[in-house]
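Close look at the chain arrangement
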2 protein chains.
Amino acid sequence: MTTPAIILCRPQLGENIGAAARAMKNFGLSDLRIVAPRDGWPNEKAYAMAVTAKPILDDAKLYDDLHEALADLNVVYATTARDRGITKEVITPPEAARRLRKVPAGDKTGLLFGNERAGLENDDVSLADCVITIPTAEFASLNLGQAVLLCCYEWFKAEDHTPVSKIEHNPIHRKPTRQELFQLFDHLEGELTRTGFLFPPDKRDHMSRAIRATIHRAKLTYQEVQTLRGMIVALAKGKHRAQPKE
Amino acid sequence: MTTPAIILCRPQLGENIGAAARAMKNFGLSDLRIVAPRDGWPNEKAYAMAVTAKPILDDAKLYDDLHEALADLNVVYATTARDRGITKEVITPPEAARRLRKVPAGDKTGLLFGNERAGLENDDVSLADCVITIPTAEFASLNLGQAVLLCCYEWFKAEDHTPVSKIEHNPIHRKPTRQELFQLFDHLEGELTRTGFLFPPDKRDHMSRAIRATIHRAKLTYQEVQTLRGMIVALAKGKHRAQPKE
């Protein structure tokens, strides 16, 4: 599968071209096409913004005319914030990503972005299959670099299999065995009984179960169980030191 | 539901603070908290970048210390690109958004972002419930403003009901009735028969059906049907004009 080209049509600020390149690199895109940039090309500010995405700027293709920039592409979606009063399908960025991922192998795709001042002209939009509009709360106009970022992010996310939740796992941080947990319960409850915290006796079982529930919820590692037991020892010692023996 | 606070911990560049404010406004957030900004506060470059999000900067709260900035919050997620070698849950931005949307009414939430140079320190991360890491293709470090944007975007998207696809609908662009479509078919097929395009006769029905399928797929509006019929009239006339009558 070829990754989508990012086509910036008459961009004004080098910073945004650099930010677009950086976003592309973050999310695995590489084909940057720049049509008639206002401040010429190459642009120093674009390079300053791109950080490690400079190779994408080095490889960027420059065009005078949007038709040339799109000529070899089979599928083109135009991004716009405004309703154009024309009858054209408008899709969200995740829907665009889903469709781009389903394009037959060999077909080339592209995402088209207008400039900072006014976005794409209606004539530019008329060259695209359909329109992507990024849903926003208000102030619909996103910064150019930000619009490119969100589209690249959605494209990447459409085939990303990062688990929605995981625990960073350090090898020394294995889960405790039940036996190790039971030893913690016994140790803690023993000390708490001794200091009179688990009192009166008829509440003791209920209180113990509540404490065990807290400990289970914390999903302690073996290491943390050991640390906790060390803390209990230290606190219990402190108690004895601070109060004279009866 | 209160919207999440965005907490920027020791940010360096005013531009990024402004970009964060702009992203917040785009996606309906408003509570910006700035901890020990390197270049002081207020910051001219932040205001230049914020465009119409300036009120968010005006209302931003300034803190010397991260503990103060988080004090009134019930739920805090820390964003980081790096594995910290500690056993802490790591979630994706959409999962974070889903959880933030489920926090009981009245509980206050926040998203914590580190600075441009090194992100959050381990000590900062230790104050948060869990960690958000934005999945990337490579070069995992996102620009600060971009990281804020993606988290705000996901928060907004979690309750956004924009249809994944819709047709921009201009009132004059009603769908044609079947009768109006049939008139188009008859008109087009009649002219194509007259010019000899629908030939030989035994292929005619198959060709007609293929043309009708193309027309259906285009999902024409009534207006477009009329335009198309005008084009057929013009083209048919042209043909007659160009060729001498037999």
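Residues numbered from 1 in each chain as written. Chains lettered and ligands numbered in written order. Predicted model: local features only at pLDDT ≥ 70, side-chain atom pairs only at ≥ 80, totals over all residues. Heavy atoms only, no water.

Further remarks concern the packing of helix H8 (residues 178–194) of chain A against helix H9 (residues 201–217) of chain A. Residue and element names in this part refer to chain A. At their nearest, the axes of H8 and H9 sit 11 Å apart, and the two run at 135° to each other. Between H8 and H9, the angle is such that the two are oblique. Here H8 and H9 pass one another in a crossing that is right-handed. In this structure, H8 contributes Arg178, Leu181, Leu184, Phe185, Leu188, Glu189, Leu192 and Thr193 to the contact, and H9 contributes Arg204, Ser208, Ile211, Arg212, Ile215 and His216. (Axes fitted to C-alpha atoms, helices over the stretch in contact; angles between N-to-C directions. Helix = DSSP H or I, 4+ residues; strand = E, 2+ residues; numbered from the N terminus. Parallel < 35°, antiparallel > 145°, perpendicular 65-115°, else oblique. Left-handed = near helix turned anticlockwise from the far one by under 90°. Contact = heavy atoms within 4.5 Å.)

A separate point is the pairing of strand E2 (residues 32–35) of chain B. Residues and elements named next belong to chain B. The alternating pattern of E2 places Leu32 and Ile34 and Arg33 and Val35 on opposite faces, both of which are buried. Inspection of the sheet shows strand E1 (residues 5–9) paired to E2 by four bridges, in the parallel sense. Across the sheet, Leu8 pairs through a bridge with Ile34, a residue of E2. Taken together, E1, helix H1 (residues 14–26) and E2 form a β-α-β motif whose crossover is right-handed. Note that E2 and strand E3 (residues 61–63) share three bridges and pair parallel. Opposite Val35, over in E3, you have Tyr63 as the bridge partner. (Buried < 20%, exposed > 50% of the residue type's maximum accessible area, 1.4 Å probe, protein only. Pairing = 2+ DSSP bridges. Right-handed = clockwise from strand over helix to strand, strands pointing away.)

One open sheet accounts for eight strands, arranged E3(A)-E2(A)-E1(A)-E6(A)-E4(A)-E7(A)-E5(A)-E8(B); its pairing is mixed. Of all strands in the sheet, those with a lone pairing partner are strand E3 (61–63) of chain A together with strand E8 (165–167) of chain B, marking the two edges. Recorded for the sheet is a direction-independent mean angle of 25° between the axes of neighbouring strands. In this sheet, strand E6 (residues 109–113) of chain A lies alongside strand E4 (residues 75–79) of chain A in parallel orientation, the contact comprising four bridges.

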